[in-house]
Amino acid sequence: MELEATTKARLDEALARAGQRSTRQRELVFATLLRWMDHPTADEVFSRAREQTPTISLATVYNCLETLVGCGLVRAVNYEREPTRYCPNLNEHAHFQDRVTGRISDIPLSESIMATLRTLLPPGYEADSLDLYFHGTIRKQPSKSTSKS
Ligand SMILES: [Zn+2]
């Protein structure tokens, strides 16, 4: 699994800023996250990465994920009492977990919503990050009728 040149550059740059260097394993784990974008657990990343590189270990996958989170390329998504999941979407977004399937979706947050949320903070409070988690169920929307009557 090869990273596109621009993605590879983004990875190298973020790692360098954090005083780290790019390794084949870090590239593989990052590429695995970007390929599915479905908020996998470390175990899931491991089994996917192992299809590409059978010699990679779970400990290495954990280390790579930690490094990617540490350099700001990946977000750790923590729903209570569940293993951490990983998200490479760096646009501002909330997460919505469907109680029935456990599936986590990204809910985009506009600049104006983010600005409004920041106004909630008392003077002197500077937030580095904000995590917004929705819990619920996804009901099927009635499909729009296209029949002509
Ligand atoms: Zn996400």
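Residues numbered from 1 in each chain as written. Predicted model: local features only at pLDDT ≥ 70, side-chain atom pairs only at ≥ 80, totals over all residues.

A. Representation of the overall build of the protein within the structure. Within the protein, the secondary structure is distributed over five helices and five strands. The helix and strand sequence of the protein, counted from the amino end, reads α-α-α-α-β-β-β-β-α-β. Across the 149 residues of the protein, 19% fall into the buried class. Nonlocal contacts in the protein, meaning residues at least 24 apart in sequence, comprise 52% of its contacts between residues at least 6 apart. (Helix = DSSP H or I, 4+ residues; strand = E, 2+ residues; numbered from the N terminus. Buried ≥ 20, exposed ≤ 12 C-beta atoms within 10 Å, placed from the backbone. Contact = placed C-beta atoms within 7 Å.)

B. Spotlight on the pairing of strand β3 (residues 93-98). Strand direction decides the pairing type here: β3 and strand β4 (residues 104-108), joined by five bridges, are antiparallel. Counted as the bridge partner of Gln-97 is Ile-104 from β4. Turn length for the β3-β4 hairpin, with the two strands adjacent in sequence and antiparallel, is five residues, and the turn residue Gly-102 shows positive phi of about 80 degrees. Across four bridges, β3 lies against strand β5 (residues 133-136) in parallel orientation. Along β5, the bridge assignment pairs Phe-96 with Phe-134. (Pairing = 2+ DSSP bridges.)

C. Quick peek at the packing of helix α3 (residues 42-52) against helix α4 (residues 58-70). Put simply, α3 and α4 touch, their axes get as near as 9 Å, and they point 115 degrees apart. Two packed elements cross with a definite hand, and for α3 against α4 that hand is right-handed. Contacts from Ala-42, Val-45, Phe-46 and Ala-49 in α3 reach Leu-58, Val-61, Tyr-62 and Leu-65 in α4. For the contact of α3 with α4, the residue count by class is eight nonpolar, no polar and no charged. (Axes fitted to C-alpha atoms, helices over the stretch in contact; angles between N-to-C directions. Left-handed = near helix turned anticlockwise from the far one by under 90°. Nonpolar A, V, L, I, M, F, W, Y, C, P; charged D, E, K, R; others polar.)

D. A look at the sheet that holds β3. Strand order across the open sheet formed by three strands is β4-β3-β5, with mixed pairing between neighbours. Each edge of the open sheet carries a strand with a single partner, namely β4 and β5. The sheet shows a mean angle of 25 degrees between the axes of neighbouring strands, direction not considered.

E. Geometry of unusual backbone geometry. Although it is not a glycine, Met-37 sits at a positive phi angle of roughly 50 degrees. Mapped onto the fold, Met-37 is located in the loop between α2 (24-36) and α3. Taking the number of C-beta atoms within 10 Å as the measure of exposure, Met-37 has 11 and is therefore exposed. A positive phi angle is found at His-39, which is not glycine, with a value near 55 degrees. Note that His-39 resides in the loop between α2 and α3.

F. Quick peek at the packing of helix α1 (residues 5-17) against α2. Interhelical geometry of α1 versus α2 gives an angle of 125 degrees and a closest axis separation of 11 Å. Taken together, the axes of α1 and α2 are oblique relative to one another. Helix-helix and strand crossings are classified by hand; for α1 and α2 the assignment is right-handed. Here Thr-7, Lys-8, Leu-11 and Leu-15 of α1 lie close against α2, whose contacting residues are Arg-26, Glu-27, Phe-30 and Leu-34. Looking at the contact of α1 with α2 residue by residue, the classes come out as four nonpolar, one polar and three charged. (Parallel < 35°, antiparallel > 145°, perpendicular 65-115°, else oblique.)

G. The arrangement of the nonpolar core in detail. Core analysis: the biggest nonpolar cluster contains 19 residues, and Val-29, Phe-30, Val-45, Ala-49, Val-61, Leu-65 and Leu-68 have the highest contact counts within it. With five residues, the top contributor of residues to this core is α2. The residues touching Val-45, leaving out its near neighbours within four places in the chain, are Val-29, Thr-32, Leu-33, Pro-40, Val-61, Leu-65 and Tyr-86. (Core = buried A, V, L, I, M, F, W, Y, C linked by C-beta atoms within 7 Å.)

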